[in-house]
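Take a look at the letters that make up each chain.
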Amino acid sequence: MKRRARAGRPPAPSHVPGRPGVATAVVQRLNPAPRRAVLQRQQLLRFRGHSVTWLVPLLLLVTITVVDFNTTGRFRIVSWCVFVSAIAAALCGVWTTVAFSVLSLGTYIGTDFAAAEQYKSGAADFVLVAVGGVLSVLACELRVRGEQRLMHIMDVADTTRRTVLRPLPPSWGGLDHAAVYLAADAEARVGGDFYDVQPGPHGTRVLVGDVQGKGLGAVEAAAALLGTFREAGYHEADLAVVARRLETRMRRHRTHIGALGRSDGDRFATAVLVGFPEDDEGYVDLVGFGHEAPLAVGPDGSVRRLPQGDGLPLGLADLTADPGPPRVRRVPLAPGETVLMVTDGVTEARDEQGCFYPLADELGRAVARDPRLAEPARLVRFVRDGTLRHCGGHLADDTTVFAVRRTARDAPVRGRSPS
């Protein structure tokens, strides 16, 4: 259902707990964001931690001067000093550009003064170099202001992403976990995928999902669902009640958006809700809202698909005769098994022939060769790399890979106290 609803949609920070920046580097490598371009321009040449981009216009100025002195009088290139300030404006800061503009003008005056009278360039080229320097300084000022504004916008986007997808401590709520989030639109850096872990007195709950659509409207819906999950997941003893609260919140959100007259009030979200009960560590409780079924990856090399659930996506329960929450399924989970949940950025990744990424098959072969891949951090990196390799780095949708398993008994556990 979700795939049909997204038909016609144009093809569109990552986080690995304990390993910051791992997935972020992948996003920037495949989809270079403007912020990265800004930083690259400012750090194009560095020596011992200091920028030496000023060497480029300086070498050009020296070259122009040397060539002009060592050629015949009929071949004068001293007026090319105007390019020095222009290059400085593209690579350096404002005051460095001012310095090169003045230096270029002084070099022009000195070089032209030393030339024979019949070969002097004259006032016309002097005005060219002087005006070129002034325009270069103004252009540099505009460039720097634009870069600062862009970096501020990217900081706001990063803050929004961290607010929606809050950082999770290691071994949070008695669970080892790892996550990778790749935004298909690297310039936006935020999307409709969401995940969270909420420990509480009734066990630890995990939510992974994907809001239909993209943009700030999808982020807004994801934030609404995560806020409800963090409260209901902590206070409610019954996982079915948590599921009902999520459905109600999504419908309330749609009603609010519709009342505002916005055109994106028909959003829905697929999700999978997982409960790790404290009273029985051999099982997990699952509630599916039209989302891809999780996989259980064992240290013995086994990979099995858990029940998908029969629930409709969040926000669409009123389309059925029985608008109640979907059934909670209790399924066995062996010690050391990792629950892997992904969004459709993984399951719908296509190669050049249009074939979908065979996640379960590829993962089964890899875990059989190396059972250590069942560890959450290794698992998400493997799925991330496999997805990017399969689609050639061209993500058609936001992509989330989330893996979680119970912490070993001898490991410290966090998140059990009220929060």
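Residues numbered from 1 in each chain as written. Predicted model: local features only at pLDDT ≥ 70, side-chain atom pairs only at ≥ 80, totals over all residues. Heavy atoms only, no water.

- If you check an unreviewed UniProt entry, the chain appears there as Serine/threonine-protein phosphatase from Streptomyces lasalocidi.

### Focus: the overall build of the chain
(1) Moving on: Check the secondary structure of the chain and you find twelve helices and twelve strands.
(2) Moving on: Residue burial in the chain is summarised as follows: out of 419 residues, 48% are buried. (Helix = DSSP H or I, 4+ residues; strand = E, 2+ residues; numbered from the N terminus. Buried < 20%, exposed > 50% of the residue type's maximum accessible area, 1.4 Å probe, protein only.)

### Quick word on the packing of helix H11 (residues 359-369) against helix H12 (residues 376-390)
(1) Moving on: The contact between H11 and H12 brings their axes to 11 Å, and the two run at 130°. Comparing their axes, H12 and H11 come out oblique. In this structure, the crossing between H11 and H12 has a hand that is right-handed. Along the contact surface, H11 presents Leu-359, Glu-362, Leu-363 and Ala-366, while H12 presents Leu-379, Phe-382, Val-383, Gly-386 and Arg-389. (Axes fitted to C-alpha atoms, helices over the stretch in contact; angles between N-to-C directions. Parallel < 35°, antiparallel > 145°, perpendicular 65-115°, else oblique. Left-handed = near helix turned anticlockwise from the far one by under 90°. Contact = heavy atoms within 4.5 Å.)

### Overview of the UniProt feature "transmembrane region" (unreviewed entry) in the chain
(1) Moving on: Here, UniProt's "transmembrane region" (unreviewed entry) annotation points to residues 52-70, 77-103 and 123-144.
(2) Moving on: This span, residues 52-70, is 79% helix and 0% strand, and a straight line between its end C-alpha atoms measures 28 Å.
(3) Moving on: In this annotation, residues 123-144 is assigned 100% helix and 0% strand; the end-to-end C-alpha distance for the span is 32 Å. (UniProt positions renumbered as here; feature names shortened; annotations may be inferred.)

### Looking at the pattern of salt bridges
(1) Moving on: Taken as a whole, this structure holds 13 salt bridges when the rule is applied.
(2) Moving on: Glu-141 is paired through a salt bridge with Arg-145; the nearest N and O atoms lie 2.7 Å apart. A residue pair is termed a helical-turn pair when its members lie 3 or 4 positions apart in one helix, as Glu-141 and Arg-145 do in helix H7 (residues 123-164) at four residues.
(3) Moving on: The class of Glu-141 is partly exposed, set by a relative accessible area of 28%.
(4) Moving on: Arg-245 is the partner of Glu-236 in a salt bridge, and the nearest nitrogen-oxygen pair spans 3.1 Å.
(5) Moving on: Here Glu-236 falls in the partly exposed class, since its relative accessible area comes to 22%. (Salt bridge = Lys/Arg side-chain N within 4 Å of Asp/Glu carboxyl O.)

### Here's the deal with the environment of Asp-370
(1) Moving on: With respect to the element layout, Asp-370 can be found in the loop between H11 and H12.
(2) Moving on: Using a relative accessible area of 22% as the deciding quantity, one classes Asp-370 as partly exposed.
(3) Moving on: With 71 residues separating them in the primary sequence, Asp-370 and Pro-299 have C-alpha atoms 8.8 Å apart.

### Some remarks on the packing of aromatic side chains
When we look at a pair of aromatic rings, we describe it by the centre distance and by the angle of the planes.
(1) Moving on: A full pass over the atoms with the stated rule returns two aromatic pairs.
(2) Moving on: For the pair Tyr-108 and Phe-126, a centre-to-centre distance of 6.4 Å together with 40° between the ring planes defines the contact as tilted. Placement of the pair is Tyr-108 in helix H6 (residues 94-114) and Phe-126 in helix H7, with a sequence separation of 18 residues.
(3) Moving on: Exposure remark for Tyr-108: the relative accessible area of 2% places this residue in the buried category.
(4) Moving on: Take Phe-126: its relative accessible area is 33%, and that puts it in the partly exposed class.
(5) Moving on: The interplanar angle of 40° and the centroid separation of 5.2 Å between the aromatic rings of Tyr-195 and Phe-402 together place this pair among those described as tilted. With a gap of 207 residues between them, Tyr-195 in strand E4 (residues 193-200) and Phe-402 in strand E12 (residues 399-406) connect regions that are remote in the sequence.
(6) Moving on: On the basis of relative accessibility, which here comes to 3%, the residue Tyr-195 falls in the buried class. (Phe/Tyr/Trp six-rings, centres within 6.5 Å; stacked < 30°, edge-to-face > 60°.)

### Quick look at the sheet that holds strand E5 (residues 203-211)
(1) Moving on: Pairing in this open sheet of five strands is antiparallel, and the strands run E4-E5-E6-E7-E10 from one edge to the other. Of all strands in the sheet, those with a lone pairing partner are E4 and strand E10 (329-332), marking the two edges. Within this sheet the neighbouring strands show an average axis-to-axis angle of 20°, counted without direction.
(2) Moving on: Bridge count between E4 and E5: eight bridges; the pairing is antiparallel. If you follow Gln-198 over to E5, its bridge partner there is Arg-205.
(3) Moving on: Running over the sheet, helix H8 (residues 216-235) touches E4, E5 and strand E6 (269-276) and is turned about 15° from E4.
(4) Moving on: Docked against the sheet, helix H9 (residues 239-259) engages E5, E6 and strand E7 (283-289), running at close to 160° with respect to E6. (Pairing = 2+ DSSP bridges.)

### A short note on helix H4 (residues 55-69)
(1) Moving on: With 15 residues, H4 ought to run about 21 Å at 1.5 Å a step, and its terminal C-alpha atoms sit 21 Å apart, in line with that.
(2) Moving on: Regarding H4, the residues found buried are Pro-57, Leu-61, Ile-64, Thr-65 and Asp-68. Each buried residue of H4 lies within a common arc of 95° when the element is viewed along its axis, so the set occupies one face. (Expected span 1.5 Å × (residues − 1). Arc of directions from axis to C-beta.)

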